[in-house]
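An overview of the molecular structure
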Amino acid sequence: MLSSLLELARQPDSDKRRELLGAVSDMFYADGRDAIAEREMQLFAEVVTRLLKDLAEQDRAEFAGTVAPDGRTPRDVALALAHDTASVAAPVLQHSQALTEEDLIAVARERDTDHRVAISKRADVGEKVTDALLDFGETEVMETLLDNSTSKLSPRGFTRITDRAMDRPELRQRLATRRDAPTEALMRIMPLLPPDVQAHAKALLAQGGGRLDELAKSANSAMAKERLDGAKRRLEIKALARKFEAGELPIYDFVENLVANHHALDLALGLAEISMLPEKQVGNAILSTEAEPLALICKALEIGSDGYGLAEALRRECMKLPPDIPEALFASYDKVNAEQAQRALRFVQVRSSLAKTG
């Protein structure tokens, strides 16, 4: 029966294809997967994935909503839907049990924010997947994961969220209500919480056996020290930038100092100081999944290959990429013309300046 339907799937008429999809789906789900031979299941998946390519997005989304929660849906069908547009993929990413953790990680890395938000809503989404979702540093994804009480967050995941929460009140409040939030995370955000939320966070700490007054004092003390150390480090980096500009510090030594603490913000501040680019923009280049933005900045500043290697190593560390830098990347860096890179940098500087004044 499915063999003949496969022939019908080759017809170009969209209305017939929509009717055909309904007929094939009714047959598969009504009769039950156990009653269908393995070969016919393969044909079903082939028919459906072929039909989906020629249907309107609304029709694909309706189909996805129907089959997403059904455990009989073949993995190939679920994968085709998961890689579709966000409106089509969302129910499958959120509910389909046909997708493996590796499938979800692949979608998280290859698709966009809306896809990652949908994955964040899955019941019992595991640490490997949540780590992949958090690699993009998207506040919306962090909020969704915290709202999802069944999501599993690794210590690294909690650290990423806590770092972002330091200047995001909405994240702090969500983090303070997570029963699995680490003590260290709650202590860091404690001084920044409103009184009512702070009380809830203290209750969570108490459940973990902590002494509230000591924990609160420790949190305040730790935060004060962290802020003081951060301010000192910023002054130190700015002083180093002035020494470099005065010709008293070689560029390699300058970059080596910036990466010494393995902090992306140190490198961002230092390069921003000597390039006149906004610090946030340089930070985005360092935390980019692509190597080109940071390479362009380094080349424009006439940082040699060795110094660029230090900066690229830090980018790879921050983005959890393999530590070994491909030789092709150095070869590509050496080929870039410094004057062209500087022109590109000046264009970005002018655009940033206009954005501020506009």
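Residues numbered from 1 in each chain as written. Predicted model: local features only at pLDDT ≥ 70, side-chain atom pairs only at ≥ 80, totals over all residues. Heavy atoms only, no water.

Okay, the nonpolar core next. Counting 52 residues, the largest nonpolar core has Leu81, Val92, Leu93, Leu99, Ile119 and Ile189 as its most contacted members. In terms of residue count, helix H5 (residues 75-82) provides more of this core than any other element does, five residues in total. Setting aside anything within four residues of it in sequence, one finds Leu93 in contact with Ala82, Leu99, Leu104, Val107, His115, Ala118, Ile119 and Arg122. (Core = buried A, V, L, I, M, F, W, Y, C linked by side-chain atoms within 4.5 Å. Buried < 20%, exposed > 50% of the residue type's maximum accessible area, 1.4 Å probe, protein only. Helix = DSSP H or I, 4+ residues; strand = E, 2+ residues; numbered from the N terminus. Contact = heavy atoms within 4.5 Å.)

Here we take up the packing of aromatic side chains. One pass over the full model with this rule turns up three aromatic pairs. Look at Tyr308 and Phe330: their rings are 6.2 Å apart centre to centre, the planes differ by 85 degrees, and that puts the pair in the edge-to-face class. Within this pair, whereas Tyr308 is found in helix H20 (residues 305-318), its partner Phe330 is found in helix H21 (residues 327-335), the two being separated by 22 residues in sequence. A residue is classified by how much of its surface remains accessible, and Tyr308, at 0% relative accessible area, is buried. Where Tyr308 meets Tyr333, the ring centres are 4.1 Å apart and the plane angle is 5 degrees; that geometry is what we call stacked. A residue pair is termed long-range when its members are at least 10 positions apart, and Tyr308 in helix H20 and Tyr333 in helix H21 qualify at 25 residues. (Phe/Tyr/Trp six-rings, centres within 6.5 Å; stacked < 30°, edge-to-face > 60°.)

Take Arg160: it is sitting in helix H11 (residues 155-165). In the structure, Arg160 is positioned 23 residues away from Gly137 in sequence and 7.8 Å away in space, judged by C-alpha atoms. Ignoring anything within four residues of it in the chain, the contact list for Arg160 reads Leu134, Asp135, Met142, Cys318 and Lys320. Within the structure, Arg160 has its side chain in polar contact with the backbone oxygen of Leu134 (distance 3.3 Å). (Polar contact = N/O pair within 3.5 Å; in protein donor to acceptor, adjacent residues only side chain to side chain.)

Let us look at the packing of helix H16 (residues 251-259) against H20. For the pair H16 and H20, interaxial distance at closest approach is 9 Å and the crossing angle is 15 degrees. Relative to H20, H16 is oriented roughly parallel. Seen along the crossing, H16 lies across H20 with a hand that is left-handed. In this structure, H16 contributes Tyr252, Val255, Glu256 and Val259 to the contact, and H20 contributes Asp306, Gly307, Leu310, Ala311 and Leu314. Looking at the contact of H16 with H20, its residues break down into six nonpolar, one polar and two charged. (Axes fitted to C-alpha atoms, helices over the stretch in contact; angles between N-to-C directions. Parallel < 35°, antiparallel > 145°, perpendicular 65-115°, else oblique. Left-handed = near helix turned anticlockwise from the far one by under 90°. Nonpolar A, V, L, I, M, F, W, Y, C, P; charged D, E, K, R; others polar.)

For Val48, the location among the structural elements is in helix H3 (residues 38-52). Accessibility expressed as a relative area gives 0% for Val48, which makes it buried. Separated by 28 residues in sequence, Val48 and Asp76 have C-alpha atoms that sit 9.5 Å apart.

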